[in-house]
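In case you want the letters, here they are:
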Amino acid sequence: MAEIKLEDIIKPENLVFQKTKLFTDKPLSYCPGCGHGVVHRLILEAIEELGIESETIGVAPVGCSVLAYEFMNIDIAQAPHGRAPALATGIKRVYPEKFVFTYQGDGDLAAIGTAETIHACNRGENISIFFINNGIYGMTGGQMAPTTLPGMASSTSPYGRDVASMGHPLKMTELVANLPGTRFVARHAVHTPALVRKAKKAILKAFENQKENKGLSFIEIVSNCNSGWKMTPVKSNQWLTENMLEYYKLGTLKDE
Amino acid sequence: MAKVRGAIVVDVERCKGCELCIGSCPTDVLRMAVDVNGKGYHYAYMENPEACTGCVNCATVCPDTVITVYRIKVVD
């Protein structure tokens, strides 16, 4: 067999994967190893595959992903802290033919924006909500969030979260699955290739549900925050598998 | 028998050296370079390029989408 050189493989006709064109040229501002980048890519790939880039309006939150509009080459509005589902409701009602999604972290969706989230889900707005849960307030320096696990150390719970005084972690996904307004509720993760592929299928389904006017799709993505957790990216993904997934079980909770 | 050969191209200046691609590779192709890029990060490169099958796992987990994947079928 003749020796195959790398130059023979690296040719445009052999291309199997490249960065989606819906990313802008700006480098992502996230820490090395952060799951946000993967979720950004999955959403943009889903939009590209469905060919709806000119009909999609995103709503960015406050948090690490506040600058999502800098990286995603689609229309994006940036909502006040926690108000993304309310803003998305307004956008969808004015432009019912557009695809509207919110992209929120746990500080935005599960803390300050709990009311907006629950009411948007309960009204059954025809939007998609992508909820990135890393169990901590990442951008502000790793403080305890409503989603922080029992016993998990953060900068404001240095001895671990004590449920007796600090309460229990909030399972938003289970909560909204109980509401009659939601149509598709699922929890995914993006730290292994297989899980990334599964998460992409769910994100595609969330957009397809909007196309068919099926109602609200809520997808939680359990992600890491290696800077906030004070771990290396590889370690943080191990910790996520061992601890986060015990409490936040992956799977589809509701699909009607 | 047809065999599959792959190759990746890493956007060196965009790589943040998180090393997630290394653990995702089923054929142990990737390593971190001793050199650093303009931002001071060690970047991923193919240490055993002949083992790469172009499975796209590394590009799938890469948070910054710095990996482009190519694949060919080789007939013996």
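Since the model is a prediction, treat every value here as computed from it, not as a measurement.

Participant: For this particular structure, what's the right way to read the overall build of chain B?
Facilitator: What chain B contains, in helices and strands, is 2 helices and 4 strands. Sequence-ordered secondary structure for chain B, helices as α and strands as β, is β-α-β-β-α-β. The C-alpha radius of gyration of chain B comes to 13 Å, within 12% of the 11 Å expected for a compact globule of 76 residues. Projected onto the principal axes, the alpha-carbon positions of chain B cover approximately 45 × 20 × 20 Å.

Participant: What am I meant to see in the sheet that holds strand S2 (residues 56–60) of chain A here?
Facilitator: The strands making up a sheet associate through hydrogen bonds between their backbones, and the pairing can be parallel or antiparallel. Residues and elements named next belong to chain A. Spatially, the 7 strands line up as an open sheet ordered S3-S2-S4-S5-S7-S6-S8, and their pairing is mixed. Among the strands making up the open sheet, the edge pair consists of strand S3 (75–78) and strand S8 (251–255). Taking each pair of neighbouring strands and ignoring which way they run, the sheet shows an average axis angle of 15°. Against the sheet, helix H6 (residues 114–123) contacts strand S5 (128–133), strand S6 (182–189) and strand S7 (216–222), and its axis sits at roughly 140° relative to S7.

Participant: Would you mind going over the packing of aromatic side chains with me for this structure?
Facilitator: Aromatic ring pairs are defined here through the distance separating the ring centres and the angle between the ring planes. All names here are of chain A. Within this structure, the stated rule accounts for 7 aromatic pairs over all chains. Centroid distance Tyr247 to Tyr248: 5.2 Å. Interplanar angle 80°. Geometry classified as edge-to-face. Through pairs of rings, three or more aromatic residues link up here, namely Phe101, Phe130 and Phe207. Above the face of the Tyr95 ring, Lys98 is positioned so that its terminal group lies 5.9 Å from the ring centre. For Lys205, the ring lying beneath its charged end belongs to Phe184, and the centroid distance is 5.1 Å.

Participant: Hey, could you run me through H6(A) in this one?
Facilitator: An α-helix turns once every 3.6 residues. As a result, residues three or four positions apart point the same way. Residues and elements named next belong to chain A. For H6, the complete set of buried residues consists of Thr114, Glu116, Thr117, Ala120 and Cys121. Packed against the buried residues of H6 are helix H4 (84–94), helix H5 (106–112), S5, helix H8 (172–177), S6 and S7. Looking one or two places after H6, you find Gly124, whose phi comes out positive at around 70°.

Participant: Would you mind going over the interface of chain B and chain A with me for this structure?
Facilitator: Many structure descriptions define interface size as the accessible area lost when the parts assemble. Contact with chain B, which involves 33 residues of that partner, is made by 36 residues of chain A. Across the interface of chain B and chain A, roughly 2,800 Å² is buried in total on both sides, 65% from carbon and sulfur atoms. Its largest share of buried area at the contact with chain A, chain B owes to B:Arg14, B:Thr65 and B:Tyr70, together 21% of the area lost on that side. On inspection of chain B and its partner chain A, the count reaches 0 salt bridges. There are 11 residue pairs in polar contact (both at pLDDT 80 or more) connecting chain B and chain A. Elements that contribute at least two residues to the side of chain B that touches chain A include exactly strand S1 (2–10), helix H1 (20–24), helix H2 (57–61) and strand S4 (67–75) of chain B.

Participant: Please explain the pairing of S5(A) as it appears in this structure.
Facilitator: For a regular strand, the rule is simple: side chains alternate between the two faces of the sheet. Residue and element names in this part refer to chain A. Taking burial as the measure, the 6 residues of S5 include 6 buried ones, the bulk of the element. When strand S4 (residues 99–105) meets S5, the two strands line up parallel, connected through 5 bridges. If you follow Gly105 over to S5, its bridge partner there is Ile132. As paired strands, S5 and S7 are joined by 6 bridges and run parallel to one another. Following the sheet pairing, Ile129 is matched in S7 by Phe218.

Participant: Quick question: what am I supposed to make of unusual backbone geometry here?
Facilitator: With the exception of glycine, the majority of residues adopt a negative phi angle, and the majority of peptide bonds are in the trans configuration. All names here are of chain A. A positive phi angle, close to 55°, is found at Asn213, a residue other than glycine. With respect to the secondary-structure elements, Asn213 resides in the loop between helix H9 (193–211) and S7. One non-glycine residue, Lys230, lies in the positive phi region at around 60°. Among the secondary structure elements, Lys230 is positioned in the loop between helix H10 (226–229) and helix H11 (233–247).

Participant: Looking at this model, I keep getting lost on the nonpolar core. Mind explaining?
Facilitator: One broad rule of soluble globular proteins: the nonpolar side chains tend to lie buried together. Counting residues in each nonpolar core, the largest one holds 33 residues, and the members touching the most others are A:Ile43, A:Phe101, A:Ile203 and A:Phe207. Within the residue set of this core, elements represented by two or more residues are helix H2 (35–50), S4, S5, S6, H9 and S7 of chain A. If you look at the next biggest cluster of nonpolar residues, it comprises 27 residues, including A:Ile4, B:Val10, B:Met32 and B:Tyr70.

The rules behind these values
- Residues numbered from 1 in each chain as written.
- Chains lettered and ligands numbered in written order.
- Predicted model: local features only at pLDDT ≥ 70, side-chain atom pairs only at ≥ 80, totals over all residues.
- Heavy atoms only, no water.
- Helix = DSSP H or I, 4+ residues; strand = E, 2+ residues; numbered from the N terminus.
- Rg over C-alpha atoms; globule rule 2.2 N^0.38 Å.
- Pairing = 2+ DSSP bridges.
- Axes fitted to C-alpha atoms, helices over the stretch in contact; angles between N-to-C directions.
- Contact = heavy atoms within 4.5 Å.
- Phe/Tyr/Trp six-rings, centres within 6.5 Å; stacked < 30°, edge-to-face > 60°.
- Lys NZ or Arg CZ within 6 Å of the ring centre and 35° of its normal.
- Buried < 20%, exposed > 50% of the residue type's maximum accessible area, 1.4 Å probe, protein only.
- Buried area = accessible area lost by both parts, 1.4 Å probe.
- Salt bridge = Lys/Arg side-chain N within 4 Å of Asp/Glu carboxyl O.
- Polar contact = N/O pair within 3.5 Å; in protein donor to acceptor, adjacent residues only side chain to side chain.
- Core = buried A, V, L, I, M, F, W, Y, C linked by side-chain atoms within 4.5 Å.

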